[in-house]
Amino acid sequence: MSHPPPSSTTTTYTTIPISAGDVISRSLQNFTSSFSILRPWPELFTSGSFTRPDSFATALTQLRANFHYFRVNYLIIISACGALSLIGSPVSLLIFASVLSLWLLLYFFREDPLVLWGYDVSDRLVLIGLILVSVLGVWLSGSDWNLVWGVIIGFLVCAAHAVLRNSDGLLVADEEAALVGSGYVSGSYGALSASSDGGSQFIK
């Protein structure tokens, strides 16, 4: 007796409201999964891969392509610069880590609607709340300018790398397309974006 071939299963996410604990659990799972598209660090500095763009349009193309391809690496670099700017103040560093965790779990890696005490919290309200918490955290830390300069320096370093790093032939792997299909990368709630077509593709 022949059996039908096993079918591949993909994770599907529901829009039915679930508990806040489950929302955070799913966000944490998405955050962990995002490291599968973390590019090898030596790839950022491959010999011969840096060229000065010959036009403003080329610079913008490379900036978009590299920010898309190395976005997890860039997020780590910017976060590390922000953390290093607060290294002399453990309390400020703790506040920074807590606020960053909230952004990651409730905004960047959330794909489900957030429900608190039976009320559906809109995305706009979540964003406003996170901004207010961030402002309060910076004010309480007393290291506002140190943090601002740290994040700015990290962003400028990533932007300079993205503009100068030749983006020809960057491969968007299958596992990234799978993450897109899972819903959190380009879903209606998550804020990360990526290409959603199946298989591998080259960024040119």
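Just so we're clear, the structure is a prediction, and the values are computed from it rather than from any experiment.

Caption draft 1: Representation of the environment of Ser92 within the structure. Residue placement: Ser92 occurs in helix α4 (residues 90-108). For the pair formed by Ser92 and Gly142, sequence separation is 50 residues and the distance between their alpha carbons is 7.5 Å. If near-sequence neighbours (up to four positions away) are discounted, Ser92 is found in contact with Leu86, Ser141 and Ser143.

Caption draft 2: Highlighting the pattern of salt bridges. Taken as a whole, this structure holds 1 salt bridge when the rule is applied. Its salt-bridge partner being Arg110, residue Asp123 comes within 2.9 Å of it at the nearest N-O pair. Pair noted here: Asp123 is in helix α5 (residues 123-141) and Arg110 is in the loop between α4 and β1 (114-116), with a separation of 13 residues, a long-range link.

Caption draft 3: The arrangement of the UniProt feature "transmembrane region" (unreviewed entry) in the chain in detail. Following the UniProt record, the feature "transmembrane region" (unreviewed entry) maps to residues 69-87, 121-141 and 147-164 here. End-to-end, the C-alpha atoms of residues 69-87 are 29 Å apart, and along that stretch the chain is 79% helix and 0% strand.

Caption draft 4: The packing of aromatic side chains, seen in detail. Counting across every chain of the model gives 5 aromatic pairs. Considering the side-chain rings of Phe67 and Tyr74, the 4.8 Å spacing of their centres and the 65 degrees angle between planes classify their relative orientation as edge-to-face. A residue is classified by how much of its surface remains accessible, and Phe67, at 22% relative accessible area, is partly exposed. Owing to a relative accessible area of 1%, Tyr74 belongs among the buried residues under this scheme. Seen in terms of ring centroids, Tyr69 and Phe70 are 4.8 Å apart; in terms of plane orientation they differ by 90 degrees. Their pairing is edge-to-face. Across the pair, exposure class does not vary: Tyr69 and Phe70 are buried alike. Among the aromatic residues, ring-to-ring pairing joins Phe67, Tyr69, Phe70, Tyr74 and Phe155 into one connected group. Note that Arg39 overlies the ring of Tyr69, its terminal NZ or CZ placed 3.9 Å from the centroid.

Caption draft 5: Expanded view of the packing of helix α3 (residues 71-84) against helix α6 (residues 144-164). Look at α3 against α6: their axes get within 7 Å of each other, and the N-to-C directions meet at 150 degrees. Overall, the two elements α3 and α6 adopt an arrangement that is roughly antiparallel. Between α3 and α6 the crossing geometry is right-handed. Together, Tyr74, Ile77, Ile78, Cys81 and Gly82 of α3 and Leu147, Gly150, Val151, Gly154, Phe155, Cys158, His161 and Ala162 of α6 make up the contact between the two elements. Across the contact of α3 with α6, the residue classes break down as 9 nonpolar, 4 polar and no charged.

Caption draft 6: Expanded view of the nonpolar core. In this structure, Val23, Val99, Trp103, Leu106, Leu114, Val121, Val126 and Leu130 together form the largest nonpolar core, which totals 8 residues. Listed by contribution, the elements that provide at least two residues to this core are α4 and α5. Ranked by residues supplied to this core, first place goes to α4 with 3 residues. Discounting chain neighbours no more than four positions away, the residues touching Leu114 are Ala20, Val23, Tyr119, Asp120, Val121 and Val126. Tyr69, Phe70, Ile78 and Ala162 belong to the second-largest nonpolar core, a separate cluster that totals 7 residues.

Conventions adopted
Residues numbered from 1 in each chain as written. Predicted model: local features only at pLDDT ≥ 70, side-chain atom pairs only at ≥ 80, totals over all residues. Heavy atoms only, no water. Helix = DSSP H or I, 4+ residues; strand = E, 2+ residues; numbered from the N terminus. Contact = heavy atoms within 4.5 Å. Salt bridge = Lys/Arg side-chain N within 4 Å of Asp/Glu carboxyl O. UniProt positions renumbered as here; feature names shortened; annotations may be inferred. Phe/Tyr/Trp six-rings, centres within 6.5 Å; stacked < 30°, edge-to-face > 60°. Buried < 20%, exposed > 50% of the residue type's maximum accessible area, 1.4 Å probe, protein only. Lys NZ or Arg CZ within 6 Å of the ring centre and 35° of its normal. Axes fitted to C-alpha atoms, helices over the stretch in contact; angles between N-to-C directions. Parallel < 35°, antiparallel > 145°, perpendicular 65-115°, else oblique. Left-handed = near helix turned anticlockwise from the far one by under 90°. Nonpolar A, V, L, I, M, F, W, Y, C, P; charged D, E, K, R; others polar. Core = buried A, V, L, I, M, F, W, Y, C linked by side-chain atoms within 4.5 Å.

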